[in-house]
Amino acid sequence: MDYKERTVDYLAETLELDKDELRSYLEIPPQEDMGDFALPCFRYAKTFRTAPQKIAEGFAEKLGELPDFISEVRCSGAYLNLFLARGPYCREIVREALEEGEAFAASDQGEGQTVLVEFSSPNIAKPFHVGHAFSTFIGDVLSRMYDHLGYDVKRLNHLGDYGTQFGKLIVAYDRWGDEDALEASPIAELLRIYVKFHKAAELEPELDDEARARFKALEDGREEEVALWKRFRELSLEEFNRIYKRLDVSFDSTKGEAFYSDKIPAVVKDLEEKGLLVDSDGAKVVMLEEEDIPPCIVLKSDGSTIYATRDLAAAIYRYETYKFDKNIYVVGLPQSLHFKQVFAVLKKAGFDWADDCVHVGFGLVKFPPEESGGITLSTRSGNVIYLEDLLDEAVAKTKAIIVENNKDRPDPMTDEEIDETAAAIGLGAVRYTFLRSGRERDIIFRWDEILDFEGDSAPYMQYAYARAQSILRRAGDSAPERCDYEKLELSSDSEFALCREMDHIRNALEQAAEAYEPSILARQTMSLCRAFSRFYNQMPILQAEDERLRQSRLTLCRAFSSVLKTALGLLGIKTVERM
RNA sequence: GGACACGUAGCUCAGCAGGAUAGAGCAGCCGCCUCCUAAGCGGCAGGCCGAACGUUCGAAUCGUUUCGUGUCCGCCA
């Protein structure tokens, strides 16, 4: 049970205070020696017409005999500091961790509710670069979190498989395409001709008109264009699926923008009938002045569709298909105006569920300024880092470290174990790089930072897990699966701190889901591992002073392992038994 | 020009429904492997929280202004 809630209940009853008020006032003190919960009494000064310090003292006096989960109450200026009874607290957290296992921090808060998460959404015929990784990791983790909280999650990959770019690609392929190269390495070849097109179009602007015409032909269903488009699409998907498998990411539905193209006329017609479409320079737009944002273009002047049109059709289709309670778009921050417009149009068209649509934006991935003037990765310029190259690099570096460590290991790893471990750690390191900071921050892409496996990194956490597992392995049968939790003797600073961090994983998960912010969970998981490292260094476990302490600490190790595995699982980071 | 972000230690970032001496990691310096994996632990040093006003008993946190950076602002996605 939630100790904060328990404390609130107790204080509310004993001190005759309002529960909701208490809940919002009660805080966790900045320093350990100030207790586990603190009630600042400043705000009660007015109602009681007394100095805050006096109020705190008065409260302390009034509390009298303490309940068994609180060991001590102290006044410190205007603060009423409460200390949890460590023994019972640790016993309870450890018991919950072990009994709940994988379901630790799970809940049924989302029961009966459907959440859609659109993420990743790479463009066909373009490389899957580190920018797509951002959306992929954030979306994947959000999906995992909502799933853990009991929501019915649908993971959607909204492929960029339509638009004028395909006109460009078709023009480029006709001119410069190399059939053999396309077979050998499809996306690389498509990228080559795409970049070439952009260079050529600078000198020969007619190429752009030609490209628009070819896209129009594609949209009208002309055989030649459709066949090429299908081919590009399939070849690209093969490459993407290979990456998703490697990243341990899956989707419930992979539909491209093209899928929605035949649903667009009905949407346009509906907007027209509702009197929302206005002619503007030959284009059809929906005016949004009352929202104080620029108009949303629905049809271009040549009558073809635009991304907003397709997003409108997609949203409506999704509502009809899933009757979602929440519809999340994990798409880059630069598109926030676009989503505001789309949601506003939906709202204006009378779809109340527009309020349940949310754009979860994230920052840009950039090169460091000292290397490139801080330019953004861009497909058009050919200035990209392929995600696969990054993954390969990370895994290779990990492997080198493992091989080195393996030399003086009494029980060396097999080649197979080395490869598996290196993959788990390398991929974890990359994933964590994208999850550790607030998602709206830009990521400056620096190899040495991403491949730095010390400190604030996934390998640090995986290492903590491996060490805990190592101890449990060594303990063998002397570390029983089951134990009498009442006999656990855990009360030192580091043991108690570790239990607190396990407990806080639950709050972090809730907050992270609420704020669509994986970094909150990532950060707490890191904090949990730091607490374990300290415990590990301070407390002898296998060599504990007596058998009861030994059993207690082994059990704590087991509980920690379990909680950490669950938390890392939510982050999509794999654990390893040793490293 | 308008809109939205962001500006905290040398670097990367937490903290921001206002509260007790502003926290981590990296980099720097100093310690710790005869003892459970040193991808680790402990310690030192490092900050007028971009600036100025304002609200408040109290502001990194809220408001206004200002400077700086980034992104977006109609037929690319």
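The preceding data block contains the structure.
Quick caveat: nothing in here was measured; it's all calculated off a predicted structure.

Caption draft 1: Inspection of the side chain of Ser121 at higher detail. Of note, Ser121 is situated in the loop between strand 4 (114-118) and helix 6 (130-148). Residue classification places Ser121 among the buried residues on the basis of a relative accessible area of 18%. A distance of 3.3 Å separates a polar side-chain atom of Ser121 from the backbone oxygen of His158. Apart from the residues within four sequence positions on either side, Ser121 is in contact with His132, Asn157 and His158.

Caption draft 2: Main features of the sheet that holds strand 5 (residues 152-159). Pairing in this open sheet of five strands is parallel, and the strands run 6-5-4-10-11 from one edge to the other. Of all the strands in the sheet, the pair left with one neighbour each is strand 6 (253-256) and strand 11 (357-360). The average angle at which neighbouring strand axes cross in this sheet is 25°, direction not considered. Relative to strand 10 (residues 326-330), strand 4 is paired through four bridges, and the arrangement is parallel. Pairing of Leu116 across the sheet is with Asn327, part of strand 10. With respect to the sheet, helix 14 (residues 336-348) is in contact with strand 10 and strand 11, its orientation differing from that of strand 11 by roughly 175°.

Caption draft 3: Spatial organisation of the protein's contact with RNA strand B. In the vicinity of RNA strand B lie 67 residues, with Tyr79, Lys300, Tyr307, Arg441 and Tyr463 positioned nearest. Sugar and phosphate atoms constitute 58% of the interface atoms of RNA strand B, taking the interface as everything within 4 Å of the protein. Glu257 places a side-chain nitrogen or oxygen 2.6 Å from a sugar or linking oxygen of RNA strand B. In the environment of RNA strand B, a base nitrogen lies 2.6 Å from a nitrogen or oxygen atom belonging to the side chain of Ser280. Among the elements of the structure, strand 3 (79-84), strand 8 (283-286), helix 13 (307-322), helix 16 (387-406), helix 19 (458-475) and helix 21 (518-538) are those that each provide at least two residues to the surface near RNA strand B. Ranked by the residues each element gives to the surface near RNA strand B, the list is headed by helix 19, at eight residues. Among the residues making up the surface near RNA strand B, the classes are represented as 30 nonpolar, 15 polar and 22 charged.

Criteria and cut-off values
- Residues numbered from 1 in each chain as written.
- Chains lettered and ligands numbered in written order.
- Predicted model: local features only at pLDDT ≥ 70, side-chain atom pairs only at ≥ 80, totals over all residues.
- Heavy atoms only, no water.
- Helix = DSSP H or I, 4+ residues; strand = E, 2+ residues; numbered from the N terminus.
- Buried < 20%, exposed > 50% of the residue type's maximum accessible area, 1.4 Å probe, protein only.
- Polar contact = N/O pair within 3.5 Å; in protein donor to acceptor, adjacent residues only side chain to side chain.
- Contact = heavy atoms within 4.5 Å.
- Pairing = 2+ DSSP bridges.
- Axes fitted to C-alpha atoms, helices over the stretch in contact; angles between N-to-C directions.
- Near = heavy atom within 4 Å.
- Nonpolar A, V, L, I, M, F, W, Y, C, P; charged D, E, K, R; others polar.

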